[in-house]
Structure formats: C-alpha cells, structure tokens
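Now for the letters of each chain:
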Amino acid sequence: MKPKLHVLEQDISTMIKEDVEYICITDIARFKNAERTGSIIGNWMRNRNTIEFLGIWEQLNNDDFNVIEFDDIKKEAGLNSFTLTAKQWIESTGAIGLISKSGRYGGTYAQKDIAFEFASWISVEFKLYLIKEFQRLKEQEFQTLGWDIRRNLAKVNYLIHTDAIKENLIPDTLNAKQIQQVYSSEADVLNMALFGVTAKQWREAYPALTGNMRDHANVHQLVCLANLESLNGHFIDQGIPQSERLTKLNALAIRQMGILTSNELTLLSQQEVI
C-alpha cells in the first residue's frame with residue numbers, strides 16, 4: 001500500500017498493481033457521503049458516459065478486454081433498470097482499470113485517470129485538489145528515488161575505492177586495527193575533499209544526528225562523492241601520495257559542485273520563464 005493522499009480533510013488511499021497506479025474512489029465517495037459510498041459509485045457506473053469512458057480506457061490499455069461484453073453492457077446503460085457494480089464490470093469484461101477489494105481495508109480502486117474522472121463527477125473542486133495532491137506525492141517520490149539512486153551509486157563506487165586501497169595500500173603485515181585505520185584515513189580524504197571535515201569532526205559537530213555525513217548529504221554532494229570515489233581509486237592505482245590526491249580531489253570537488261549548483265539555478269530560471 002502506498003502513502004495516502006490528503007484532499008480537503010479527506011484521506012485517500014493509493015496502491016500500485018503491476019506498475020499501474022490506483023486511487024481509492026471509495027475514499028473519494030466519502031467526501032460526498034460517508035454512509036453511502038457504495039450507492040454513489042453504483043450511480044456513477046449506471047451513467048452511460050461513465051461506461052463509454054471505462055470502455056475506451058480499457059481498449060486503449062488492456063489487450064484482454066472483452067469488447068463483446070462491453071457492447072452488451074453499453075446497450076443497457078442509461079436504462080432505468082440498469083445497475084452495475086465494479087465487481088460485475090471487472091468479472092464480465094476482464095477490466096483492469098478498476099479493482100474491487102473486500103475486507104476491512106477494502107474498497108473500489110481506479111486507475112488514476114479513471115479516479116480523476118470519478119472525482120470530477122463528485123466535485124470539480126475536489127478533482128482539482130486531488131490532482132494537485134497527487135502531483136505533490138509524485139514529486140516527493142521522485143525526489144526520494146533520485147536520492148536513493150545517487151546514494152547507492154556512491155556505495156557502488158565506494159567498492160571500487162576500497163578495492164584500490166586493498167590492492168595498493170594494505171600490506172600483508174598489517175593487523176585488523178591497522179587495516180581499519182587505513183580505510184578510515186582514505187575515507188577521510190574524500191570527506192575532507194568534499195565536506196571539509198573528517199568523519200570524527202562531523203560527529204563532534206552534530207552529536208544529535210544519526211548515521212554519518214553521507215547520510216545527510218544532498219543530491220549534488222552524492223553525485224560529486226561518487227565521482228571522487230572512482231577518481232581516488234584511480235589515483236591510488238597510479239601511486240599518487242595521499243596529500244597530493246587530497247589537493248586534486250578538493251579542486252575537482254569545488255569545480256563539480258559549482259557546475260552542479262549552477263546548472264540547477266539555470267533550470268530553475270528556465271522553469272520560471274515558462
């Protein structure tokens with residue numbers, strides 16, 4: 001289950017099934033009448049325009065959609081005697097745009113475009129706020145994903161870095177404590193080059209924070225860190241002394257951070273113009 005949307009004091013559940021995003025229209029119906037959500041959805045599905053919309057969506061997105069059953073349903077839609085539930089629609093046509101879940105946390109879920117259509121039928125105002133909230137959630141997810149990807153990239157490149165240390169800087173005569181000191185010393189080369197402090201200095205400056213300085217780095221810093229790890233591994237392979245490597249890496253960090261931040265400002269200014 002994905003995070004809930006919060007629209008006009010109403011919590012709206014969301015979910016993903018087979019890479020398709022769904023929004024709970026039962027929760028949307030509660031905005032109109034919390035005691036009659038089933039009837040509200042049922043009335044919406046009795047509408048001929050609704051059936052045509054659902055049918056077109058399925059034909060565009062579902063290769064297994066039963067068009068023959070859809071045509072039969074469409075012929076009946078709009079008649080006084082016509083009734084249709086989400087479950088009946090799914091079972092008779094093989095539809096994937098709606099999901100009917102039973103149980104305590106059940107309800108009817110609709111693919112986001114269908115959910116927006118239903119929200120419009122409930123309230124145009126509600127639909128607009130729903131779309132805005134959904135976009136906010138997607139932007140938040142994208143930012144989190146981007147941070148995770150860059151954090152993992154830094155971790156992968158760190159393996160390259162530590163392998164170079166192992167092959168070039170750790171003789172067989174060192175004990176476990178001495179080996180750890182070598183790794184820590186090289187990690188601090190990167191820390192000093194990018195952040196200007198060692199790991200110990202950072203912990204002393206921010207005793208209340210958990211994790212390390214890399215866990216609190218921004219996206220630009222993580223991108224730069226991944227590059228520095230690869231470069232330092234290459235410098236170690238070349239036999240460049242640590243002090244000289246630190247100078248080179250610091251100059252590269254300053255240059256790369258300048259490029260990354262200036263590009264972001266350029267993109268923001270372009271967005272403002274648009």
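Residues numbered from 1 in each chain as written. Predicted model: local features only at pLDDT ≥ 70, side-chain atom pairs only at ≥ 80, totals over all residues. Heavy atoms only, no water.

1. Describing the nonpolar core
Which entries qualify depends on this criterion: Buried Ala, Val, Leu, Ile, Met, Phe, Trp, Tyr and Cys residues form a nonpolar core when they are joined through side-chain atoms within 4.5 Å. A 1.4 Å probe rolled over the protein chains alone gives each residue an accessible area, and that area as a share of the maximum for its type sets the label: buried under 20%, exposed over 50%, partly exposed in between. Going along the chain from the N terminus, every DSSP run of H or I of four or more residues is numbered as a helix, and every run of E of two or more is numbered as a strand. Note on contacts: a residue pair qualifies if any of its non-hydrogen atoms lie within 4.5 Å across the two residues.
By size, the foremost hydrophobic cluster in this structure holds 35 residues, and its most contacted members are Ile 25, Ile 28, Met 45, Trp 89, Leu 98 and Phe 118. Sorting the residues of this core by element identifies strand 1 (2–7), helix 1 (25–32), helix 2 (37–46), helix 3 (48–61), helix 4 (67–76), helix 5 (86–93), helix 6 (112–122) and helix 7 (124–168) as the ones contributing at least two each. In terms of residues, this core owes the most to one element, helix 6, which gives six residues. Excluding residues that lie within four positions of it along the chain, Ile 25 makes contacts with Ile 41, Trp 44, Leu 98, Thr 108, Tyr 109, Ala 110, Ala 115 and Phe 118. Grouped together as the second largest cluster of nonpolar side chains are twelve residues, Val 189, Ile 240, Leu 249 and Met 257 included.

2. Side note on the packing of aromatic side chains
Stated precisely, the cut-off is as follows: Two aromatic rings from Phe, Tyr or Trp, using only the six-membered ring of Trp, form a pair when their centres are within 6.5 Å; if the ring planes differ by under 30 degrees the pair is stacked, by over 60 it is edge-to-face, and anything between is tilted.
Summed over the entire model, instances satisfying the criterion amount to eight aromatic pairs. When the centroid spacing of 6.2 Å and the interplanar angle of 80° are considered together, the rings of Phe 70 and Trp 89 count as edge-to-face. Of this pair, Phe 70 sits in helix 4 while Trp 89 is found in helix 5, placing the two residues 19 residues apart along the sequence. Neither residue differs from the other here; Phe 70 and Trp 89 are each classed as buried. Centre to centre, the rings of Phe 116 and Phe 134 are 5.8 Å apart; their planes meet at 80°, and the pair counts as edge-to-face. Here Phe 134 lies in helix 7 and Phe 116 lies in helix 6, a separation of 18 residues in the sequence. Just as Phe 116 is buried, Phe 134 falls in that class too. Taken together, Trp 44, Phe 118 and Trp 121 form an aromatic cluster joined through their ring pairs.

3. Observations concerning the packing of helix 2 against helix 3
Our working rule: Orientation is described by lines fitted to C-alpha atoms, with helices fitted over the stretch in contact, and by angles between N-to-C directions that extend from 0 to 180 degrees. Oblique is the label for any angle not covered by the other classes, which are roughly parallel (under 35 degrees), roughly antiparallel (over 145) and roughly perpendicular (65 to 115). Each residue is assigned to one class: nonpolar for Ala, Val, Leu, Ile, Met, Phe, Trp, Tyr, Cys and Pro, charged for Asp, Glu, Lys and Arg, and polar for all the others, Gly among them.
The N-to-C vectors of helix 2 and helix 3 enclose an angle of 80°; their axes lie 5 Å apart at closest approach. In this view, helix 2 runs roughly perpendicular relative to helix 3, as classed from their interaxial angle. Every residue of helix 3 that contacts helix 2 at Trp 44, Met 45 and Arg 46 is listed here: Arg 48, Thr 50, Ile 51 and Leu 54. For the contact of helix 2 with helix 3, the class distribution of residues is four nonpolar, one polar and two charged.

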